[in-house]
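Here are the chains, one letter per residue:
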Amino acid sequence: MTWRATVLTLFPEMFPGPLGVSLAGKALASGLWALEARDIRASATDKHRSVDDTPAGGGPGMVLRADVLAAAIDAAEIAPDRPRLLMSPRGRPLTQSRVMELAAGSGPLIVCGRFEGIDQRVIEARGLEEVSVGDYVLSGGEIAAMALIDACVRLLPGVMGKEASGAEESFAEGLLEYPQYTRPQVFEGRTIPEILTSGDHAKVAAWRRAEAEALTRSRRPDLWALNARQKRPKNTTDG
Ligand code: SAH
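Basis of the calculations
Residues numbered from 1 in each chain as written. Predicted model: local features only at pLDDT ≥ 70, side-chain atom pairs only at ≥ 80, totals over all residues. Heavy atoms only, no water. Buried < 20%, exposed > 50% of the residue type's maximum accessible area, 1.4 Å probe, protein only. Helix = DSSP H or I, 4+ residues; strand = E, 2+ residues; numbered from the N terminus. Arc of directions from axis to C-beta. Contact = heavy atoms within 4.5 Å. Domains from an automatic or database assignment. Near = heavy atom within 4 Å. Polar contact = N/O pair within 3.5 Å; in protein donor to acceptor, adjacent residues only side chain to side chain. Areas by Shrake-Rupley, 256 points an atom, 1.4 Å probe, with all protein chains shown as cover. Axes fitted to C-alpha atoms, helices over the stretch in contact; angles between N-to-C directions. Patch = residues over 30% accessible without salt bridge, like charges linked within 9 Å, V, L, I, M, F, W, Y side chains within 5 Å. Salt bridge = Lys/Arg side-chain N within 4 Å of Asp/Glu carboxyl O.

### What about helix α1 (residues 22–29)?
Residues Ala 24, Gly 25 and Ala 27 constitute the buried set of α1. The buried residues of α1 occupy an angular sector of 165° when projected down its axis, which confines them to one face. Along α1, exposed side chains directed more than 90 degrees from the buried face belong to Ser 22, Lys 26 and Ala 29. Check the buried side of α1 and you find it contacts β2 (33–39) and α5 (142–153). The positive-phi residue at the C-terminal boundary of α1 is Gly 31, with phi of around 80°.

The structure is reproduced here in C-alpha coordinates:
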(Lines give C-alpha, C1' and ligand atoms only; values in the text may rest on other atoms or scores of the structure.)
Protein backbone atom coordinates (compact mmCIF):
# COMPACT_ATOMS: atom_id res chain seq x y z
CA MET A 1 0.00 0.00 0.00
CA THR A 2 1.23 3.51 -0.82
CA TRP A 3 2.48 5.63 2.07
CA ARG A 4 0.00 8.44 2.57
CA ALA A 5 -0.04 11.69 4.54
CA THR A 6 -3.48 13.07 5.35
CA VAL A 7 -3.25 16.68 6.48
CA LEU A 8 -6.06 18.57 8.22
CA THR A 9 -5.57 22.30 7.77
CA LEU A 10 -7.41 25.58 7.39
CA PHE A 11 -5.12 26.29 4.43
CA PRO A 12 -5.17 23.25 2.11
CA GLU A 13 -3.92 25.48 -0.70
CA MET A 14 -0.51 25.51 1.04
CA PHE A 15 -0.05 21.88 -0.08
CA PRO A 16 1.87 20.31 -1.72
CA GLY A 17 3.87 23.57 -1.80
CA PRO A 18 7.54 22.73 -1.33
CA LEU A 19 6.64 19.03 -1.21
CA GLY A 20 5.70 19.29 -4.89
CA VAL A 21 9.24 19.92 -6.14
CA SER A 22 12.57 18.06 -6.25
CA LEU A 23 12.88 14.67 -4.60
CA ALA A 24 9.53 14.64 -2.78
CA GLY A 25 7.70 16.20 -5.73
CA LYS A 26 8.99 13.70 -8.27
CA ALA A 27 8.12 10.85 -5.94
CA LEU A 28 4.63 12.31 -5.42
CA ALA A 29 4.11 12.64 -9.17
CA SER A 30 5.22 9.06 -9.76
CA GLY A 31 2.94 7.68 -7.06
CA LEU A 32 5.60 6.61 -4.55
CA TRP A 33 3.58 8.41 -1.88
CA ALA A 34 0.25 10.21 -1.65
CA LEU A 35 -0.81 13.49 -0.08
CA GLU A 36 -4.33 14.49 0.91
CA ALA A 37 -4.85 18.01 2.29
CA ARG A 38 -8.32 18.35 3.81
CA ASP A 39 -9.97 21.62 4.73
CA ILE A 40 -11.01 21.74 8.40
CA ARG A 41 -13.52 24.46 7.50
CA ALA A 42 -15.49 21.96 5.43
CA SER A 43 -16.60 20.46 8.77
CA ALA A 44 -17.93 23.75 10.18
CA THR A 45 -21.68 23.65 10.70
CA ASP A 46 -22.89 27.18 11.42
CA LYS A 47 -23.80 29.62 8.67
CA HIS A 48 -20.58 31.62 9.06
CA ARG A 49 -18.52 28.41 8.76
CA SER A 50 -16.69 29.37 11.92
CA VAL A 51 -13.92 27.10 13.14
CA ASP A 52 -12.63 29.00 16.16
CA ASP A 53 -13.82 30.86 19.22
CA THR A 54 -12.40 32.89 22.10
CA PRO A 55 -10.44 31.00 24.80
CA ALA A 56 -12.39 29.88 27.86
CA GLY A 57 -10.97 31.75 30.83
CA GLY A 58 -10.03 34.73 28.69
CA GLY A 59 -6.80 35.80 27.07
CA PRO A 60 -5.73 36.81 23.58
CA GLY A 61 -6.41 35.06 20.30
CA MET A 62 -8.72 32.31 19.23
CA VAL A 63 -8.89 28.55 19.76
CA LEU A 64 -9.89 25.90 17.19
CA ARG A 65 -13.19 24.34 18.24
CA ALA A 66 -13.23 20.72 19.43
CA ASP A 67 -16.49 19.84 17.67
CA VAL A 68 -15.40 21.14 14.26
CA LEU A 69 -11.98 19.52 14.45
CA ALA A 70 -13.37 16.20 15.69
CA ALA A 71 -15.84 16.19 12.78
CA ALA A 72 -12.97 16.89 10.37
CA ILE A 73 -10.91 14.03 11.84
CA ASP A 74 -13.86 11.63 11.67
CA ALA A 75 -14.65 12.64 8.08
CA ALA A 76 -11.09 11.72 7.06
CA GLU A 77 -11.87 8.07 7.96
CA ILE A 78 -8.35 7.24 9.06
CA ALA A 79 -7.56 3.51 9.32
CA PRO A 80 -6.94 2.54 12.97
CA ASP A 81 -3.31 1.55 12.30
CA ARG A 82 -2.34 5.04 11.12
CA PRO A 83 -0.76 7.42 13.66
CA ARG A 84 -2.78 10.54 14.46
CA LEU A 85 -0.45 13.46 15.01
CA LEU A 86 -0.99 17.05 16.07
CA MET A 87 1.76 19.50 15.23
CA SER A 88 2.33 21.38 18.48
CA PRO A 89 5.15 23.23 20.25
CA ARG A 90 4.15 21.29 23.38
CA GLY A 91 4.78 17.95 21.69
CA ARG A 92 7.68 15.55 21.87
CA PRO A 93 10.43 16.98 19.66
CA LEU A 94 10.62 15.10 16.35
CA THR A 95 13.68 12.87 15.98
CA GLN A 96 15.15 10.88 13.10
CA SER A 97 14.19 7.63 14.84
CA ARG A 98 10.52 8.71 15.09
CA VAL A 99 10.71 9.78 11.43
CA MET A 100 11.99 6.29 10.54
CA GLU A 101 9.08 4.69 12.41
CA LEU A 102 6.57 6.94 10.68
CA ALA A 103 8.11 6.27 7.27
CA ALA A 104 7.93 2.51 7.90
CA GLY A 105 4.17 2.63 8.60
CA SER A 106 1.29 3.41 6.27
CA GLY A 107 1.52 7.18 6.88
CA PRO A 108 0.06 9.56 9.46
CA LEU A 109 -2.91 11.83 9.85
CA ILE A 110 -1.48 15.25 10.68
CA VAL A 111 -3.57 17.98 12.31
CA CYS A 112 -2.27 21.53 11.81
CA GLY A 113 -3.20 24.03 14.50
CA ARG A 114 -3.62 27.75 13.96
CA PHE A 115 -4.29 30.75 16.20
CA GLU A 116 -3.62 29.96 19.89
CA GLY A 117 -3.97 26.23 19.24
CA ILE A 118 -6.78 23.72 19.57
CA ASP A 119 -9.28 22.74 22.26
CA GLN A 120 -7.66 20.24 24.67
CA ARG A 121 -10.68 17.94 24.59
CA VAL A 122 -10.25 16.95 20.96
CA ILE A 123 -6.61 16.01 21.64
CA GLU A 124 -7.84 13.61 24.29
CA ALA A 125 -11.00 12.41 22.58
CA ARG A 126 -9.26 11.55 19.29
CA GLY A 127 -5.98 10.37 20.85
CA LEU A 128 -3.74 12.87 19.06
CA GLU A 129 0.01 12.53 19.59
CA GLU A 130 1.56 15.99 19.88
CA VAL A 131 4.75 16.42 17.83
CA SER A 132 7.02 19.46 17.87
CA VAL A 133 9.59 20.50 15.29
CA GLY A 134 11.59 22.54 17.78
CA ASP A 135 11.49 24.93 20.71
CA TYR A 136 10.11 27.94 18.87
CA VAL A 137 6.62 28.98 17.86
CA LEU A 138 5.32 28.94 14.28
CA SER A 139 2.11 30.67 13.26
CA GLY A 140 0.57 27.39 12.15
CA GLY A 141 1.19 23.67 11.94
CA GLU A 142 1.47 23.52 8.13
CA ILE A 143 5.19 24.25 7.81
CA ALA A 144 5.87 21.87 10.69
CA ALA A 145 3.78 19.19 8.95
CA MET A 146 5.73 19.76 5.73
CA ALA A 147 9.01 19.29 7.60
CA LEU A 148 7.76 16.01 9.07
CA ILE A 149 6.40 14.73 5.75
CA ASP A 150 9.56 15.69 3.87
CA ALA A 151 11.73 13.86 6.41
CA CYS A 152 9.57 10.72 6.03
CA VAL A 153 9.20 10.79 2.25
CA ARG A 154 12.92 10.85 1.53
CA LEU A 155 13.22 7.55 3.43
CA LEU A 156 10.53 5.74 1.41
CA PRO A 157 11.82 2.98 -0.88
CA GLY A 158 12.71 4.31 -4.31
CA VAL A 159 12.63 8.00 -3.36
CA MET A 160 16.30 8.67 -2.76
CA GLY A 161 18.61 8.04 -5.69
CA LYS A 162 20.97 5.78 -3.80
CA GLU A 163 19.45 3.41 -1.25
CA ALA A 164 22.59 3.87 0.82
CA SER A 165 22.47 7.61 1.23
CA GLY A 166 20.22 7.46 4.30
CA ALA A 167 22.51 5.20 6.27
CA GLU A 168 25.45 7.57 6.76
CA GLU A 169 23.88 10.95 7.26
CA SER A 170 23.34 13.02 10.40
CA PHE A 171 21.64 11.17 13.29
CA ALA A 172 21.79 7.78 11.55
CA GLU A 173 24.09 6.56 14.29
CA GLY A 174 23.35 9.23 16.83
CA LEU A 175 26.08 11.36 15.31
CA LEU A 176 26.12 14.51 13.20
CA GLU A 177 27.48 14.02 9.71
CA TYR A 178 31.17 14.51 8.86
CA PRO A 179 32.11 17.46 6.57
CA GLN A 180 31.59 16.98 2.83
CA TYR A 181 33.77 18.26 0.00
CA THR A 182 33.68 18.22 -3.79
CA ARG A 183 35.58 19.83 -6.68
CA PRO A 184 37.35 22.16 -7.15
CA GLN A 185 40.40 20.80 -5.32
CA VAL A 186 41.33 24.33 -4.22
CA PHE A 187 38.68 26.92 -3.28
CA GLU A 188 39.89 30.39 -2.23
CA GLY A 189 43.14 28.84 -1.06
CA ARG A 190 41.41 26.05 0.95
CA THR A 191 42.17 22.49 -0.08
CA ILE A 192 40.20 19.27 0.41
CA PRO A 193 41.65 17.20 3.32
CA GLU A 194 44.30 14.96 1.74
CA ILE A 195 42.92 11.71 3.15
CA LEU A 196 39.73 12.13 1.11
CA THR A 197 41.67 12.09 -2.15
CA SER A 198 44.10 9.34 -1.08
CA GLY A 199 41.93 6.49 -2.35
CA ASP A 200 42.42 4.64 0.96
CA HIS A 201 38.85 3.72 1.87
CA ALA A 202 39.62 2.50 5.37
CA LYS A 203 41.44 5.73 6.20
CA VAL A 204 38.61 7.78 4.72
CA ALA A 205 36.08 5.90 6.86
CA ALA A 206 38.17 6.38 10.01
CA TRP A 207 38.64 10.09 9.29
CA ARG A 208 34.91 10.58 8.74
CA ARG A 209 34.05 8.73 11.92
CA ALA A 210 36.50 10.83 13.93
CA GLU A 211 35.17 14.08 12.41
CA ALA A 212 31.56 13.06 13.08
CA GLU A 213 32.38 12.24 16.68
CA ALA A 214 34.32 15.48 17.24
CA LEU A 215 31.49 17.54 15.72
CA THR A 216 28.81 15.81 17.76
CA ARG A 217 30.80 16.21 20.96
CA SER A 218 31.39 19.92 20.50
CA ARG A 219 28.10 20.99 18.93
CA ARG A 220 25.62 18.60 20.48
CA PRO A 221 26.78 17.43 23.89
CA ASP A 222 23.18 16.33 24.51
CA LEU A 223 23.24 13.91 21.54
CA TRP A 224 26.73 12.75 22.46
CA ALA A 225 25.69 11.91 25.99
CA LEU A 226 22.55 10.11 24.80
CA ASN A 227 24.60 8.16 22.31
CA ALA A 228 27.09 7.20 25.01
CA ARG A 229 24.32 5.94 27.27
CA GLN A 230 22.56 3.96 24.55
CA LYS A 231 25.32 2.53 22.42
CA ARG A 232 28.74 2.47 24.01
CA PRO A 233 29.83 0.04 26.72
CA LYS A 234 29.89 1.57 30.18
CA ASN A 235 33.67 1.57 30.69
CA THR A 236 34.53 3.53 27.51
CA THR A 237 36.13 6.87 28.26
CA ASP A 238 33.81 9.61 27.29
CA GLY A 239 35.59 12.84 28.13
N1 SAH B 1 -0.31 29.19 21.84
C2 SAH B 1 0.40 28.01 21.44
C3 SAH B 1 1.08 28.22 20.09
C4 SAH B 1 0.13 28.21 18.93
S5 SAH B 1 0.97 28.40 17.41
C6 SAH B 1 1.46 27.71 22.48
O7 SAH B 1 1.98 28.62 23.11
O8 SAH B 1 1.82 26.53 22.64
C9 SAH B 1 -0.26 27.83 16.29
C10 SAH B 1 -0.08 26.43 15.76
O11 SAH B 1 1.17 26.34 15.09
C12 SAH B 1 -0.04 25.33 16.80
O13 SAH B 1 -1.34 24.90 17.14
C14 SAH B 1 0.74 24.24 16.09
O15 SAH B 1 -0.10 23.46 15.25
C16 SAH B 1 1.69 25.03 15.20
N17 SAH B 1 3.05 25.12 15.76
C18 SAH B 1 3.64 26.23 16.26
N19 SAH B 1 4.87 25.98 16.69
C20 SAH B 1 5.12 24.68 16.44
C21 SAH B 1 6.24 23.81 16.67
N22 SAH B 1 7.35 24.26 17.25
N23 SAH B 1 6.12 22.52 16.30
C24 SAH B 1 4.99 22.05 15.74
N25 SAH B 1 3.89 22.83 15.49
C26 SAH B 1 3.95 24.12 15.85
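Following the structure, the description resumes.
### With respect to the domain arrangement of the chain
Where interface size is given, it is often the accessible area lost as the parts come together that is meant. Segmenting the chain into domains produces domain 1 (3–153) and domain 2 (168–231). Distance from the C-alpha centre of domain 1 to the C-alpha centre of domain 2: 35 Å.

### So, the site of the ligand
Neighbouring the ligand are 19 residues; Met 87, Gly 113, Gly 134, Tyr 136 and Leu 138 lie closest to it. Contact between the ligand and Ser 88: a nitrogen atom at 3.2 Å from a main-chain N or O atom of the residue. Out of a free accessible area of 560 Å², the ligand has 84% covered by protein chains. Elements with a minimum of two residues in the shell around the ligand: β5 (84–93) and β7 (129–132). For the shell around the ligand, the leading source of residues is β5, giving three residues.

### Looking at the packing of helix α6 (residues 201–219) against helix α7 (residues 221–230)
For the pair α6 and α7, interaxial distance at closest approach is 5 Å and the crossing angle is 115°. Taken together, the residues of α7 that come into contact with α6 (itself represented by Glu 213, Thr 216, Arg 217, Ser 218 and Arg 219) are Pro 221, Leu 223 and Trp 224.

### Comments concerning a nonpolar patch on the surface
Judged by side-chain polarity, Tyr 136, Leu 138 and Ile 143 come together as a nonpolar surface patch covering roughly 300 Å² of accessible area. Secondary-structure assignment places Tyr 136 in the loop between β7 and α5. Since its relative accessible area comes to 47%, Tyr 136 is described here as partly exposed.

### A few points about the environment of Gly 174
When you line up the elements, Gly 174 lands in the loop between α5 and β8 (186–187). Expressed as a C-alpha distance, the spacing of Gly 174 and Ala 228, which sit 54 residues apart in the sequence, is 9.2 Å.

### Quick look at the side chain of Glu 169
Structurally, Glu 169 can be placed in the loop between α5 and β8. In terms of polar contacts, Glu 169 uses its side chain to reach the side chain of Arg 154, at 2.9 Å. With residues near it in sequence (within four places) discarded, Glu 169 still touches Arg 154, Leu 175 and Glu 177.

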